[in-house]
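Single-letter residue listing:
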Amino acid sequence: MLSLDPLGPECDSPLGSKDLEEEEGPWGGGSGLPPPGCFHGSWRHDVALDCKGSPEGAEARAWTVYYYSLLQSCLQQAGLPETQDRSQVPRTGCPGAEVTLCILGSPSTFLSLLLEGGVQSPGNMLLCLSPAWLTKVPAPGQPGEAALLVSKAVSFHPGGLTFLDDFVPPRRATYFLAGLGLGPGRGREAAELARDLTCPTGASAELARLLEDRLLTRRLLARQGDVAVPATLAFTYKPPALLRGGDASPGLRLVELNGKEGQETLVKEEVGAFLHSEALGDALQVATKPSGWRWRGRQAMRLYPRAELGPVVDTVLALLEKLEEEESVLVEAVCPPAQLPFPGSPLPGPELALRICAVVCRTQGDRPLLSKVVCSVGRGDRPLRHQSSLPRTLEAALAQCGLGEASQVAVVRQRVKAAAEAALAAVLTLEAGLSAEQRGGRQVRTDFLGVDFALTVAGRALTPVALELNGGLCLEACGALEGLWAAPRPGLAAEEAAAAPLVETMLRRSARCLMEGKQLLLLGAGGFSKKFVWEAALDYGLKLHLVDSDPNHFASQLVQTFIHFDITEHQRDEENARVLAELVRARGLQLDGCFSYWDDCLVLTALLCQELGLPCNPPAAMHLAKQKSRTQLHLLCHHGPPWPAPSLYAVPCCPLESEADVDRAVRQVPLPGVMKLEFGAGAVGVRLVEDASQCHEHFSRITRDLQGEADHPGIGLGWGNAMLLMEFIEGTEHDVDLVLFGGRLLAAFVSDNGPTRLPGFTETAACMPTGLAPEQEAQLVQAAFRCCLGCGLLDGVFNVELKLTRAGPRLIEINPRMGGFYLRDWILELYGVDLLLAAAMVACGLRPALPAHPRARGHLVGVMCLVSQHLQVLRSTASRETLQALHDQGLLRLNLLEETLVPGEYEEPYCSVACAGPSPAEARLRLLGLCQGLGIDGPHYPVAYFLSHFK
């Protein structure tokens, strides 16, 4: 029914006469001139395709011209403009300080990836049409490795705009992906370029040899991936180490041969037993084919009726003569097409067969994610293969075969998703056990995979059966399907690109590449909730130098340099910045950046950066954002233009330093109001006040109980215990976490907060991503962005708390640092974006490598646990050990915020407990059930009420 190998013109003979060393196209490894011109278009041909200093021969030049014309033809058919040649004016750029995603290969194979890269990282996705446009240079301090320099490329931009660019000096690749081959053509040159690079690499000849060995991957999937594969009999000649020994796999019989001659009796016995075995199920045909890298793209598959023993044996013996070491001959069951019911009477014509092509990408945390499914439909008595059938969606293909019920289609999609993701998981497990040499380099990883399936019936259930793994062909098929939406038509919605998660992974790996080995000074180690910083720094290869007041802080042993310095006396911040700068110089620290995520140290950090000449926001801007009343009063005066001005988001307030200030404030600020510490954090001391007596009472209590840092460390009391009174704003509360660089908004993540336990404002529950309508979400993002700009905050990661009222967003406060509690963890989990790494990049003066439009890969709903409300359950049913075990099992997401169970009047949450789900409703129901089971939910802490905003 199905094979991915074409039937060649020599299909009547047991084995074709085509030379095994010849493959079509230079990226496959062949040589010779490109095919005659078959492109029809009016694009210019007088473009500068030569690369200065790297002249090409006539044959190589012909291929470069061919691929340029192919690119123009692809752009033309996608309704996109012609590439503009601006190589006469070379781009300068900042080598080593900018993202450079480099693709070397056929434009038609990688077009969808290139276009998506142009959207997510404008101008940084580069297509090289010739190996001569690239150069490898030895990497200082990294023996055996090389940096990859790009001298010429086609750059991709939003809207499908492309430019032919020269780069002087050359750009340094931060990610490289190439079309590979074994033969003497460009595929081999690409393989050499990809080997042992310092930058992340998405493919290598070494990995391709493994993944394109059908026998190896079939055994891998059957064993580790729990993926259905065709029943297979394999004769392998001197098998590689990865195929020797081990447990047998269901339906997979491996016969090891030490010689190729004199095997007639063995082959006949094995093939006869296989053809009569129950493993073949209802299969009426078998296929013979060779397995191994040399046979990549060969037209060597043959189909035979299951009953014809003789021809199958003859073909196997003929193929054995052609084998080299570590190659195999496969005899496999041809999966019978699934008998899908047609609505009404049966349609005339032959039985239809279905081939399913799935693209799956490696995402944050090395987790596989199905990106897109593309199908082909054809006659059941003929093989289906790539590039010879039209792509269509799974829904359309199944409907063509007679299966249109939405619930049944959803079941098929879920099974394809599970099998495709399991396939990539198995490959990643294999790679994890390989050495750098076996992978082709320290930085080589498989970031995406194409998996081809046949749809058949197994155990009375529609089952996708994995036929083989590939990358480029499936990606190209997805691009062809996406091309249907290139020119918008009424009633057609734009499809999300199959390459979107792959581009996000390329950017994430590029960020690691740019930051590895960077020297950063960190002010303030923070508390227990910031333990993730030290693990992340080790993972990213950051070299941290720490300044902290506590000489015994556990982090002092986890950094390159520890400077014990009292950073709590903020009245002396300017003097301390000068002293610290001298200490840094005296120690000879060569810093790339300096930053802090700890509230108390933000102004001092800005002053120190100013002393050291390192990138940072102006100290005045940090001080303005740090003092809550100054933030609001400053923005109230900021009327614009441009409109809407920040004043529209500000809330009336009044600073309080004495009892007299309280009397004045209640006359100026409408009550009810909110009283809070000017420099506070974690909602400690924040209270709803309804009249003047409550204002005086709360002011007196705070001035008595919270006088200095020792009374409640880590909430900003080192700045004093001044307070403010602001108007109470009705509405839902939201956090907006922003990444800004050069005053440009790079990313924004909006989360929703549940109702608080008035009169207090300690956080109770949260949901991410937001459940708001897109317009309301956009209003919150713009409000947060404009308030930051209004305060002079142009560079960094900022957390902005707002309320959404009937009249629009209103500002609660700006935290001029990374969001606290669970926010960094949730954003990393859902979007694959690490705010800590983004903050470190900004501190080094580097634009964070972020996708332009991050997409959430699910939903999280969480609830806070408080010692005052949950002390008993936190010591029993919801103990730290129990919660951690549930976290490790994937049943909840735990963020511990405090180390010990210490009750107190002014408390912060002890931990956050969250559940994930494909929808907010499902995540919410899971969390509610968990909280009821653990005892977190109760009459005095009604979790259902706290989650009510997320319905």
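Up top you'll find the structure we're talking about.
Let me sum up the structure you'll find in this document. Keep in mind it's a predicted model, so treat the numbers as computed, not measured. (Residues numbered from 1 in each chain as written. Predicted model: local features only at pLDDT ≥ 70, side-chain atom pairs only at ≥ 80, totals over all residues. Heavy atoms only, no water.)

This paragraph deals with the overall build of the protein. Scanning the protein from N- to C-terminus turns up 26 helices and 32 strands. The globule rule puts the C-alpha radius of gyration for 951 residues at 30 Å, and the 32 Å found for the protein is close to it. When its C-alpha atoms are laid out on the principal axes, the protein stretches across 105 × 65 × 55 Å. For the protein, buried positions account for 58% of its 951 residues. Sequence separation of 24 or more characterises 69% of the internal contacts of the protein that already satisfy a separation of 6 or more. For the protein, the exposed area adds up to about 38,500 Å²; of that, 52% sits on carbon and sulfur atoms. Computing the positive centroid from 83 side-chain charges and the negative centroid from 108, the protein places the two 3 Å apart. (Helix = DSSP H or I, 4+ residues; strand = E, 2+ residues; numbered from the N terminus. Rg over C-alpha atoms; globule rule 2.2 N^0.38 Å. Buried < 20%, exposed > 50% of the residue type's maximum accessible area, 1.4 Å probe, protein only. Contact = heavy atoms within 4.5 Å. Areas by Shrake-Rupley, 256 points an atom, 1.4 Å probe, with all protein chains shown as cover. Lys, Arg positive; Asp, Glu negative; His and termini not counted. Charge placed at Lys NZ, Arg CZ, Asp CG, Glu CD.)

Let us look at the state of the cysteines. Counting across every chain of the model gives one disulfide. The disulfide bridge from Cys 357 ends at Cys 474, spanning 2.5 Å between sulfur atoms. Here Cys 357 is found in strand β13 (residues 352–363), whereas its partner Cys 474 is found in helix α11 (residues 472–482), with 117 residues between them in sequence. Of the residues examined, Cys 474 reaches a relative accessible area of 0% and is grouped as buried. Not engaged in a disulfide, the cysteine Cys 128 finds its nearest cysteine sulfur in Cys 102; these two sulfurs lie 3.8 Å apart. Look at Cys 128 and you get buried, because its relative accessible area is 0%. Left without a disulfide partner, Cys 791 is nearest to the cysteine sulfur of Cys 787, which lies 7.0 Å away. Its relative accessible area of 4% is what places Cys 791 among the buried residues. (Disulfide = S-S within 2.5 Å.)

Let us look at the side chain of Arg 508. The topology assignment puts Arg 508 in helix α12 (residues 500–515). It turns out Arg 508 is buried and unbridged, and the closest side chain with the opposite charge, Glu 504, is 5.1 Å from it. (Salt bridge = Lys/Arg side-chain N within 4 Å of Asp/Glu carboxyl O.)

Between its terminal C-alpha atoms helix α14 (residues 573–586) stretches 20 Å, which fits the 20 Å expected from 14 residues at 1.5 Å a residue. Turning to α14, its buried residues number three or more, namely Asp 573, Asn 576, Ala 577, Leu 580, Ala 581 and Val 584. Along α14, the residues classed as buried sweep out an arc of 140° about the axis, all on the same side. Those residues of α14 that are buried lie in contact with β17 (519–523), β18 (543–548), β19 (561–564) and α15 (602–612). After α14 finishes, the residue Gly 588 shows a positive phi value of roughly 70°. (Expected span 1.5 Å × (residues − 1). Arc of directions from axis to C-beta.)

What follows concerns the pairing of strand β22 (residues 673–677). The element β22 is largely enclosed, with a buried count of five among its five residues. Judged by which residues are buried, β22 turns out to be covered on both faces: Gly 673, Met 675 and Leu 677 on one side and Val 674 and Lys 676 on the other are all buried. Bridge analysis of β22 against strand β23 (residues 687–689) gives three bridges, and the strand direction is antiparallel. Of the residues in β23, the one forming a bridge with Gly 673 is Val 689. (Pairing = 2+ DSSP bridges.)

Counting 152 residues, the largest nonpolar core has Leu 113, Phe 176, Trp 534 and Val 913 as its most contacted members. If near-sequence neighbours (up to four positions away) are discounted, Trp 534 is found in contact with Leu 522, Ala 525, Leu 544, Leu 546, Phe 554, Ala 555, Leu 558, Val 559 and Tyr 597. Grouped together as the second largest cluster of nonpolar side chains are 51 residues, Ala 577, Leu 624, Tyr 649 and Val 736 included. (Core = buried A, V, L, I, M, F, W, Y, C linked by side-chain atoms within 4.5 Å.)

Running from N to C, α14 and α15 cross one another at 50°; their axes reach a closest spacing of 8 Å. On the basis of their axis angle, the class for α14 and α15 is oblique. For the pair α14 and α15, the sense of crossing is right-handed. Each of Asp 573, Glu 574, Asn 576, Ala 577, Arg 578, Leu 580, Ala 581, Val 584 and Arg 585 in α14 lies in contact with α15, whose residues at this interface are Val 603, Leu 604, Leu 607, Leu 608, Glu 611 and Leu 612. (Axes fitted to C-alpha atoms, helices over the stretch in contact; angles between N-to-C directions. Parallel < 35°, antiparallel > 145°, perpendicular 65-115°, else oblique. Left-handed = near helix turned anticlockwise from the far one by under 90°.)

Attention shifts here to the packing of helix α2 (residues 107–120) against α11. Two elements in contact, α2 and α11, have axes separated by 8 Å at closest approach and are oriented at 65°. Every pair of crossing elements has a handedness; the one defined by α2 and α11 is left-handed. Contacts between α2 and α11 involve Ser 108, Thr 109, Phe 110, Ser 112 and Leu 113 from the former and Gly 472, Leu 475, Glu 476, Gly 479 and Glu 482 from the latter. Grouping the constituent residues of the contact of α2 with α11 by class yields three nonpolar, five polar and two charged. (Nonpolar A, V, L, I, M, F, W, Y, C, P; charged D, E, K, R; others polar.)

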